[in-house]
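# Notes for the structure review
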Amino acid sequence: MSKSRAPRRRVSEQEDEFEEELIRKLSSEECPASQFDLEDIEGVGRITAEKLRKSGYVTLKDVAFASVRELAEVIGSEERAKNIILSAQKLLGGGRHFITAKEYYEQRRGISYISTGCRALDELLEGGVETKAVTEFIGEFGAGKTQLCHQLCVMVQLPPEKGGLSAGAIYIDTEGTFRPERVIQMARHRGLDPEEALQNVIYARAYNSDHQMLLVDEAKKIIEERPIRLVVVDSLVSHFRAEYPGRELLAARQQKLNRHVHQLLSLADIYDVAVVVTNQVVASPDVFWGNPLRPAGGNIVAHGCTYRVWLKKSKEGKRIARIIDSPKHAEREVAFRITENGIEDL
């Protein structure tokens, strides 16, 4: 009897070793998630894969990090959605849900930063705009929000030693304020070839809130194919405000806006990109003392964005940037200016 059991134990051990090796390969650079199609997930056939892609789940990571409820709305069964998500996570080499704070700290040390091109702003943000996060720039018209977005599209193309990530950017323009001429000016100042700089910025104009959300889904496909490390949405709330006016539509607007913000958070986290959004300000008629202006979007945007920076105009052409919400930054402010070359220190 003992002789017959020994081979079974050895086979079991070999299977365990094979599974561990498979998981190691799946989670390493030798076998990136991008080489898998949705059809490789257990329980996903051609028809289901088409449904998922049409709903914005275009990669293995999209499915692995989706919620059961979201996926069930697409395929019609919560139980099946749960099994598909677990299968996708196994392909990614997942299965471990808790880690120590030290392990998470080591993971965060791998986060990258894009310099703003302005030393004062970089110091305010402790290194620049962070990947795996959503950074919101708030302000009135003329405060410098769009100028900063243009400059970040140039800065991300620089090599790491100059503050960039040697990568491209995706620019989703909701108000028609993107100007390639400005990118050319800033690129020349930074020593980049203007033509090449323009080629590395992928542009799309969003014409309504549904189109805006669709473009974010389309951005995933581009990120899978090209070295993109920055996604800009300028501005975040304008279409939602225009399409859902009045108190009677407020709940519907906020629900949809909430989905969009979480869509951007997932994009930042899953694809290791920096997401930068701009936001308008609205006046509060019930404020008699202090600043009557507040960011549009309410608590949905306030809770959804990782870092929030308020930009405002000051005297003699200066601009002031102030951190108003952050899980790690102290609340402080710095000054900068806007010139032909872009965003610069005073």
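### Examining the layout of surface pockets
Considered as a void within the structure, the second largest pocket measures approximately 830 Å³ in volume. Along the walls of the second largest pocket sit 28 residues, with Ser55, Tyr57, Glu70, Arg259 and Gln263 positioned nearest its centre. Where the lining of the second largest pocket is concerned, the elements lending two or more residues are helix H2 (46-54), helix H4 (68-75), helix H11 (209-225) and helix H13 (250-271). Grouping the constituent residues of the lining of the second largest pocket by class yields eight nonpolar, eight polar and 12 charged.

### Notes on the packing of aromatic side chains
Within a pair of aromatic rings, the relevant descriptors are the distance that separates the centres and the angle that separates the planes. Applying the stated rule across the entire model yields two aromatic pairs. Look at Tyr171 and Phe178: their rings are 4.6 Å apart centre to centre, the planes differ by 50°, and that puts the pair in the tilted class. Summarising the burial analysis for this pair, Tyr171 and Phe178 share the class buried. The interplanar angle of 25° and the centroid separation of 4.9 Å between the aromatic rings of Phe178 and Tyr203 together place this pair among those described as stacked. Pair noted here: Phe178 is in the loop between strand E4 (168-173) and helix H9 (180-189) and Tyr203 is in strand E5 (residues 201-205), with a separation of 25 residues, a long-range link. Judged by its relative accessible area of 10%, Phe178 falls in the buried class.

### Re the packing of H11 against H13
Packed helix pairs are specified by the crossing angle of their axes together with the interaxial distance, meaning the distance between the axes. At a closest axis distance of 10 Å, the pairing of H11 and H13 adopts a crossing angle of 10°. Between H11 and H13, the angle falls in the class roughly parallel. Contacts between H11 and H13 involve Ser209, Asp210, Gln212, Met213, Val216, Asp217, Lys220, Ile223 and Glu224 from the first element and Lys256, Arg259, His260, Gln263, Leu264, Leu267 and Tyr271 from the second. For the contact of H11 with H13, the per-class residue count stands at six nonpolar, four polar and six charged.

### Quick notes on the pairing of strand E6 (residues 228-234)
With seven of its seven residues buried, E6 lies for the most part within the structure. Sheet topology places E4 next to E6; six bridges connect them, and they run parallel. Looking across to E6, one finds that Ile170 is bridged to Val231. With four bridges joining them, E6 and strand E7 (residues 274-279) adopt parallel strand pairing. Within E7, the residue paired with Val231 across the bridge is Val275.

### What to know about the nonpolar core
In this structure, Leu121 and Leu230 are the most contacted members of the largest nonpolar core, which totals 38 residues. Leaving out residues up to four positions away in the same chain, Leu121 has contacts with Thr116, Leu148, Ala321, Val334, Phe336 and Ile343. With 29 residues, the next largest nonpolar core counts Ile223, Val233, Leu257 and Val277 among its residues.

### Concerning the environment of Glu73
Tracing the sequence through the fold places Glu73 in helix H4. Along the primary structure Glu73 and Ser55 are separated by 18 residues, whereas in three dimensions their C-alpha atoms are 9.7 Å apart.

### Considering the environment of Gly128
On the secondary structure map, Gly128 appears in the loop between helix H7 (119-124) and strand E2 (129-130). Sequence separation between Gly128 and Ser115 is 13 residues, and the spatial gap between their C-alpha atoms is 4.5 Å. Apart from residues no more than four positions distant in its own chain, Gly128 is found in contact with Tyr113, Ile114 and Asp122.

### Remarks on the side chain of Ser238
Structurally, Ser238 can be placed in helix H12 (residues 238-243). At 3.1 Å, the side chain of Ser238 forms a polar contact with the side chain of Thr174. Setting aside its immediate chain neighbours within four residues, Ser238 contacts Thr174, Glu175 and Gln280.

### Digging into unusual backbone geometry
Of note, the bond from Asp234 into Ser235 is cis; its omega dihedral lies within 30 degrees of zero at 0°. Relative to the assigned elements, Ser235 resides in the loop between E6 and H12. Within the chain, Glu126 stands out as a residue other than glycine whose phi angle is a positive 55°. Relative to the elements of secondary structure, Glu126 occurs in the loop between H7 and E2. A positive phi angle, close to 50°, is found at Ser166, a residue other than glycine.

### Remarks on empty space enclosed by the protein
Tallied over the full model, the rule gives one cavity of 30 Å³ or more. Leu125, Gly128, Val129, Glu130, Thr135, Tyr307, Lys328 and His329 are the residues that line the largest cavity. Residue composition of the lining of the largest cavity, by class: three nonpolar, three polar and two charged.

### A word on the pattern of salt bridges
Following the criterion strictly, the structure yields 18 salt bridges and no others. Among the salt bridges present, the one from Asp345 reaches Arg119, with a minimum N-O distance of 3.9 Å. Taken together, the positions of Asp345 in the segment after strand E13 (342-344) and Arg119 in helix H7 put the pair 226 residues apart, joining distant regions of the chain. Accessibility expressed as a relative area gives 21% for Asp345, which makes it partly exposed. Put simply, Asp217 and Lys220 hold a salt bridge, and the shortest N to O gap is 3.3 Å. With Asp217 and Lys220 both in helix H11, this residue pair falls three residues apart, about one helical turn.

Conventions used here
Residues numbered from 1 in each chain as written. Predicted model: local features only at pLDDT ≥ 70, side-chain atom pairs only at ≥ 80, totals over all residues. Heavy atoms only, no water. 1 Å grid on protein atoms, 1.4 Å probe; cavity = no way out; pocket = protein on both sides within 12 Å on 5 of 7 lines; lining within 4 Å. Points joined across faces, edges and corners; volume = space filled by probe spheres on them. Helix = DSSP H or I, 4+ residues; strand = E, 2+ residues; numbered from the N terminus. Nonpolar A, V, L, I, M, F, W, Y, C, P; charged D, E, K, R; others polar. Phe/Tyr/Trp six-rings, centres within 6.5 Å; stacked < 30°, edge-to-face > 60°. Buried < 20%, exposed > 50% of the residue type's maximum accessible area, 1.4 Å probe, protein only. Axes fitted to C-alpha atoms, helices over the stretch in contact; angles between N-to-C directions. Parallel < 35°, antiparallel > 145°, perpendicular 65-115°, else oblique. Contact = heavy atoms within 4.5 Å. Pairing = 2+ DSSP bridges. Core = buried A, V, L, I, M, F, W, Y, C linked by side-chain atoms within 4.5 Å. Polar contact = N/O pair within 3.5 Å; in protein donor to acceptor, adjacent residues only side chain to side chain. Salt bridge = Lys/Arg side-chain N within 4 Å of Asp/Glu carboxyl O.

Note that all results are geometric; they support no functional claim without further evidence.
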